[in-house]
Amino acid sequence: MSRREFLRTSAAGATVATAALSSLDALAAAEAQGGPQSAEEVAVIEPYWREVRQAFTLDPSLINLNNGNTPPSPQTVHEAFKRHLDDSNRLPMHYLTLQARVEEVRRELATEFGCDPAELALTRNATESLHIAQLGLDLRPGDEVITTDQDYPRMLWLWDQRARREGIVIKRVQFPVPTTAADLLQRFESAITPRTRVMHFCHITNTTGQLFPVRELSRLARARGIVSIVDGAQAVAHLPFQLRDLECDLYGTSLHKWLMAPKGTGFLYVRRDMIERVWPLYAAPDSMRGDVRKFEEIGTHPTAARAAIAEALTFHRAVGGERKAARLRYLTMRWINGLRSRPQVRILSSLEPNETWGLASFAIQGVNAATVVPMLLEKHGIVVSAAVNQGLPGPVLDYSGVRVTPSIYTSIEEIDRFIAAVRTLL
Ligand SMILES: Cc1ncc(COP(=O)(O)O)c(C=O)c1O
């Protein structure tokens, strides 16, 4: 099929689908296709995923492989968001009704991701969640924080700012990609000193999807009296896990990424014993000292996005976390297998099962990823992003990668068009 034919048929399909199906109808239809098979079996049933795709209103002129950024929400989620916005504008008191819905959202998120509702604060994104954690801890000049040079830049800026302002010391662990859990554990362990107060790391990194051994690192931290802060922006609703199993102290995430909730949603998990110890970013009364809601005292803000997390959770559950993860891995392994045999290509992500799902990167020898990203967009209508490590120069630590993040609406035809486009560039 030519590119023009492809776009024409996709556009026509999208219009019909939008008119005829709501997201949940599409999922019910998909369920009929999927049946009771295992997640891995369902991952390869194309009619199932074609129905899932109908739950989204997509731009048919582009192939979006940048879903690790801010993916589209399913139509039911976006409609709910708009409805809540309209209702609260019609009668601002409606805000109070929505507030009750937010409490329901807290309970349901806690059930889905495995913690007590009393440990979960709703925020606007991972940045807000992690900044609360990073700024909420009392630290003295000379106290040390261990993080990595592949953590998210905004969180690294915050630690650097505290270092400039308060004289704390930041140690950035470096590591090659991909690497192993044992290697990461060893690198953190050898960076610990008697002055270490905090260990801050990603659950999976945004650049290459490197998975961290969160539970082992959190246990190591706790055994030495160190607070563990985990950046879960790329992990929640992407790979299946329960927060309580991670044993970390604080965990911050966005929900507009892999949960596909409205933009401007996230949560902060604070282990019960830690709540009193962490100061909120915006002041709250002392009576709220042990209440996780003290982290939500941010003044008037739109509640519509938060309330519509409920629909995003419904959608997530209807597909199923295990199925999502299995499908994302299947799509990722398809493009990796289509490119890995090329001599110029180096895959920067682990190929092991249960280590990589929908976020992986590759480098092209001698080519700056920043030049590949616009070429794929302009010549092939494919959206990806650059994954660049600012670490030490050298073949292992200094990579310039292209990050590929499909979604559950991504078709194998789109993945194959991506493989063909990269082969053409090569
Ligand atoms: C690992 C990681 N942490 C934090 C963030 C920040 O997320 P947000 O902009 O939603 O606050 C991102 C965004 O891409 C990320 O990938």
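In this text, all values refer to a predicted model and were calculated from it rather than measured experimentally. (Residues numbered from 1 in each chain as written. Predicted model: local features only at pLDDT ≥ 70, side-chain atom pairs only at ≥ 80, totals over all residues. Heavy atoms only, no water.)

### A look at the pattern of salt bridges
And then number 1: Considering all chains together, one arrives at 26 salt bridges under this definition.
And then number 2: Salt bridges here are not isolated pairs; linked through shared partners, they connect Glu103, Arg106, Asp291, Arg293 and Glu296. (Salt bridge = Lys/Arg side-chain N within 4 Å of Asp/Glu carboxyl O.)

### Let's talk about the domain arrangement of the protein
And then number 1: For the protein, the domain assignment lists domain 1 (3-72 + 320-425) and domain 2 (78-314).
And then number 2: The C-alpha centroid of domain 2 is placed 26 Å from the C-alpha centroid of domain 1.
And then number 3: At the interface, 37 residues of domain 1 touch 25 residues of domain 2.
And then number 4: Carbon and sulfur atoms supply 59% of the area buried between domain 1 and domain 2, which totals about 2,400 Å² over both sides.
And then number 5: If you look at where domain 1 meets domain 2, you find zero salt bridges.
And then number 6: Put simply, domain 1 and domain 2 have 10 residue pairs in polar contact (both at pLDDT 80 or more) between them.
And then number 7: Mapped by element, the contributors of at least two residues to the side of domain 1 that touches domain 2 are α14 (321-339), β9 (345-347), β10 (360-364) and β12 (385-388).
And then number 8: Considering each element in turn, the side of domain 1 that touches domain 2 owes the most residues, five residues, to α14. (Domains from an automatic or database assignment. Contact = heavy atoms within 4.5 Å. Buried area = accessible area lost by both parts, 1.4 Å probe. Polar contact = N/O pair within 3.5 Å; in protein donor to acceptor, adjacent residues only side chain to side chain. Helix = DSSP H or I, 4+ residues; strand = E, 2+ residues; numbered from the N terminus.)

### Here's the deal with the nonpolar core
And then number 1: Of all hydrophobic cores here, the largest spans 51 residues; its most connected members are Leu109, Phe113, Met199, Leu243, Tyr251, Leu259 and Phe267.
And then number 2: The element best represented in this core is helix α6 (residues 94-113), accounting for five residues.
And then number 3: Here this core spans two domains, since at least three of its residues come from each of domain 1 (3-72 + 320-425) and domain 2 (78-314).
And then number 4: In this structure, Phe113 is in contact with Val236, Ala237, Phe241, Gln242, Leu243, Leu259, Phe267, Leu313 and His316, ignoring residues within four places of it in sequence.
And then number 5: Met333, Trp335, Phe362 and Ile382 belong to the second largest nonpolar core, which has 26 residues in total. (Core = buried A, V, L, I, M, F, W, Y, C linked by side-chain atoms within 4.5 Å. Buried < 20%, exposed > 50% of the residue type's maximum accessible area, 1.4 Å probe, protein only.)

### Observations concerning the pairing of strand β5 (residues 196-202)
And then number 1: Most of β5 sits inside the fold, with six of its seven residues counted as buried.
And then number 2: In terms of strand pairing, strand β3 (residues 144-148) meets β5 through three bridges, oriented parallel. Bridging across to β5, Ile146 finds its partner in Met199.
And then number 3: Relative to strand β6 (residues 227-231), β5 is paired through five bridges, and the arrangement is parallel. Following the sheet pairing, Val198 is matched in β6 by Val227.
And then number 4: Each parallel crossover has a hand, and the one from β5 via helix α10 (residues 214-223) to β6 is right-handed. (Pairing = 2+ DSSP bridges. Right-handed = clockwise from strand over helix to strand, strands pointing away.)

### Examining unusual backbone geometry
Backbone phi values are negative for most residues with the exception of glycine, while trans is the configuration of most peptide bonds.
And then number 1: A cis amide bond, omega -10°, links Val177 with the succeeding residue Pro178.
And then number 2: Tracing the backbone shows Pro178 in the loop between β4 (169-173) and α9 (181-191).
And then number 3: Its identity as a non-glycine residue notwithstanding, Met260 has a phi of 60°, on the positive side.
And then number 4: Locating Met260 in the fold gives a position in the loop between β7 (250-254) and β8 (266-270).
And then number 5: Under the relative-accessibility criterion, Met260 is labelled buried at 3%.

### Looking at the environment of Thr127
And then number 1: Following the sequence through the fold, Thr127 ends up in helix α7 (residues 126-136).
And then number 2: Distance in space between the C-alpha atoms of Thr127 and Pro240 is 22 Å, their sequence separation being 113 residues.
And then number 3: Not counting the four nearest positions on each side in its chain, Thr127 is found in contact with Arg154 and Met155.
And then number 4: A polar contact is formed between the side chain of Thr127 and the side chain of Arg154, at a distance of 2.9 Å.

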